[in-house]
Amino acid sequence: MKVLDYTALALSIIGAVNWGLIGLFRFDLVAFLFGNMSMLSRIIYVLVGVCGLYLLTLFGRIRNDNDR
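Calculation criteria
- Residues numbered from 1 in each chain as written.
- Predicted model: local features only at pLDDT ≥ 70, side-chain atom pairs only at ≥ 80, totals over all residues.
- Heavy atoms only, no water.
- Phe/Tyr/Trp six-rings, centres within 6.5 Å; stacked < 30°, edge-to-face > 60°.
- Buried < 20%, exposed > 50% of the residue type's maximum accessible area, 1.4 Å probe, protein only.
- UniProt positions renumbered as here; feature names shortened; annotations may be inferred.
- Helix = DSSP H or I, 4+ residues; strand = E, 2+ residues; numbered from the N terminus.
- Contact = heavy atoms within 4.5 Å.

Named according to an unreviewed UniProt entry, the protein chain is DUF378 domain-containing protein originating from Candidatus Egerieimonas intestinavium.

What follows is the structure in structure tokens.
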């Protein structure tokens, strides 16, 4: 489970950095590297979104760990 947690966290951080670049400089790093809405960039956007949703479960797991 830890490998999945760290992978999801890394992808979410990459997504957050990308959104920061978009907000500050109007520069989309994913589109720059993989093409504007190419199939690969769309897959990356979807993976970042899924990882963000997965990390929502982290709140429940942290709370359960603290209850022990």
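K.L.:
Please clarify how the packing of aromatic side chains should be interpreted in this entry.
P.N.:
What describes a pair of aromatic rings is the distance from one ring centre to the other and the angle between the planes of the rings. Overall, the coordinates contain 1 aromatic pair when judged by the stated rule. Relative to Phe-32, the ring of Phe-27 lies with its centre 5.3 Å away and its plane at 55°, an arrangement referred to as tilted. Here Phe-27 falls in the partly exposed class, since its relative accessible area comes to 31%. Taking relative accessible area as the criterion, Phe-32 reaches 59% and is therefore assigned exposed.

K.L.:
Would you explain the UniProt feature "transmembrane region" (unreviewed entry) in the protein chain in this entry?
P.N.:
According to UniProt, the feature "transmembrane region" (unreviewed entry) maps to residues 7-27 and 39-59 in the numbering used here. The span residues 7-27 is 90% helical and 0% strand by assignment, and the distance between its end C-alpha atoms comes to 24 Å.

K.L.:
For this particular structure, what's the right way to read the side chain of Ser-12?
P.N.:
For Ser-12, the location among the structural elements is in helix 1 (residues 2-25). The exposure class of Ser-12 is buried, given its relative accessible area of 18%. Those residues in contact with Ser-12 that sit more than four places away from it in its chain are Val-48, Cys-51, Gly-52 and Leu-55.

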